[in-house]
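Spelled out, the chains give:
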Amino acid sequence: NAGVMQNPRHLVRRRGQEARLRCSPMKGHSHVYWYRQLPEEGLKFMVYLQKENIIDESGMPKERFSAEFPKEGPSILRIQQVVRGDSAAYFCASSPVEGANSPLHFGNGTRLTVT
Amino acid sequence: RKEVEQDPGPFNVPEGATVAFNCTYSNSASQSFFWYRQDCRKEPKLLMSVYSSGNEDGRFTAQLNRASQYISLLIRDSKLSDSATYLCAVDTGRRALTFGSGTRLQVQP
């Protein structure tokens, strides 16, 4: 039973380019969460999605960032016109039930470097 | 005040020592609490859930103090392999868990 799968593991983008991060939840999990971790900092919640729905995007920057979880395929976190401050580890997590009452299972993350 | 706070450490302890970390939370209505372990440049991994009555898993004991709004993690007989960052996670009334910034533990030979 595969865990949460994220790709790519490492992504290098120049300033102004777009970054696309992908996440496939664990089998049977329909709740996906994206977190960002800046160097030497904790995990910051970005967005919570279910299939075809954004449930909570209160942690997402208002501009340049978007997320989706289509009916078929992985969840995508998209960052347009990247800046150096976007360099971070982006972790995706999934759970089988809604909300903050169940533990999250994390993927191994995508490390984004903006040059 | 931050929703979830942890002492960043580092805690440097010798092998075999007992070490405890606390994590304070601000929302008195919080119901779910977890401890995660994160190794350098890796993903966080669930260590244990924290139950109201306290719970133990081998050398690890987790406790909840609702009156003072904190959870604790106690590690007995520390091993070199316990060196990592320990993150607490709390439901703070949002739809997703809120994480502390982590406490770094370094166990020395």
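Refer to the preceding data block for the structure.
Residues numbered from 1 in each chain as written. Chains lettered and ligands numbered in written order. Predicted model: local features only at pLDDT ≥ 70, side-chain atom pairs only at ≥ 80, totals over all residues. Heavy atoms only, no water.

**What to know about the overall build of chain B**
And step 1. A count of helical and extended segments in chain B gives zero helices and 11 strands.
And step 2. From first element to last, N terminus to C terminus, chain B shows the α and β order β-β-β-β-β-β-β-β-β-β-β.
And step 3. Compactness check: chain B gives a C-alpha radius of gyration of 13 Å against a globular reference of 13 Å for 109 residues, within 12% of the reference.
And step 4. For chain B, restricting intrachain contacts to residue pairs at least 6 apart in sequence, the fraction spanning at least 24 positions comes to 56%.
And step 5. About 5300 Å² of surface is accessible on chain B, with carbon and sulfur atoms providing 45% of the total.
And step 6. If you average the places of the 13 positive and of the 11 negative side-chain charges in chain B, the two averages end up 5 Å apart. (Helix = DSSP H or I, 4+ residues; strand = E, 2+ residues; numbered from the N terminus. Rg over C-alpha atoms; globule rule 2.2 N^0.38 Å. Contact = heavy atoms within 4.5 Å. Areas by Shrake-Rupley, 256 points an atom, 1.4 Å probe, with all protein chains shown as cover. Lys, Arg positive; Asp, Glu negative; His and termini not counted. Charge placed at Lys NZ, Arg CZ, Asp CG, Glu CD.)

**Overview of the sheet that holds strand β7 (residues 65-68) of chain A**
All names here are of chain A.
And step 1. Spatially, β1-β3-β8-β7 is the arrangement adopted by the four strands of the open sheet, whose pairing is antiparallel. The sheet is open, and its two borders are formed by β1 (5-7) and β7, each paired with just one other strand. Geometrically, the sheet is characterised by an average inter-axis angle of 15 degrees between neighbouring strands, direction not taken into account. (Pairing = 2+ DSSP bridges. Axes fitted to C-alpha atoms, helices over the stretch in contact; angles between N-to-C directions.)

**Points about the sheet that holds strand β7 (residues 60-65) of chain B**
Hydrogen bonds along the backbone pair up the strands of a sheet, which may run parallel or antiparallel.
Residue and element names in this part refer to chain B.
And step 1. Pairing in this open sheet of five strands is antiparallel, and the strands run β1-β3-β8-β7-β6 from one edge to the other. Strand pairing shows two members of the sheet lacking a second neighbour, β1 (4-6) and β6 (55-57), which therefore form its edges. Within this sheet the neighbouring strands show an average axis-to-axis angle of 20 degrees, counted without direction.
And step 2. In terms of strand pairing, β6 meets β7 through three bridges, oriented antiparallel. Of the residues in β7, the one forming a bridge with Asn55 is Ala62.

**Thoughts on the interface of chain A and chain B**
And step 1. With 24 residues of chain A in contact, the opposing surface of chain B contributes 18 residues.
And step 2. Buried area between chain A and chain B, summed over both chains or domains, comes out near 1800 Å², and the portion from carbon and sulfur atoms is 54%.
And step 3. Counting every contact that joins chain A to chain B gives zero salt bridges.
And step 4. Across the contact surface, chain A and chain B share four residue pairs in polar contact (both at pLDDT 80 or more).
And step 5. Broken down by secondary-structure element, the contributors of at least two residues to the side of chain A that touches chain B are β4 (31-37), β5 (43-50) and β6 (53-56) of chain A.
And step 6. Residue classes in the side of chain A that touches chain B are distributed as 11 nonpolar, nine polar and four charged. (Buried area = accessible area lost by both parts, 1.4 Å probe. Salt bridge = Lys/Arg side-chain N within 4 Å of Asp/Glu carboxyl O. Polar contact = N/O pair within 3.5 Å; in protein donor to acceptor, adjacent residues only side chain to side chain. Nonpolar A, V, L, I, M, F, W, Y, C, P; charged D, E, K, R; others polar.)

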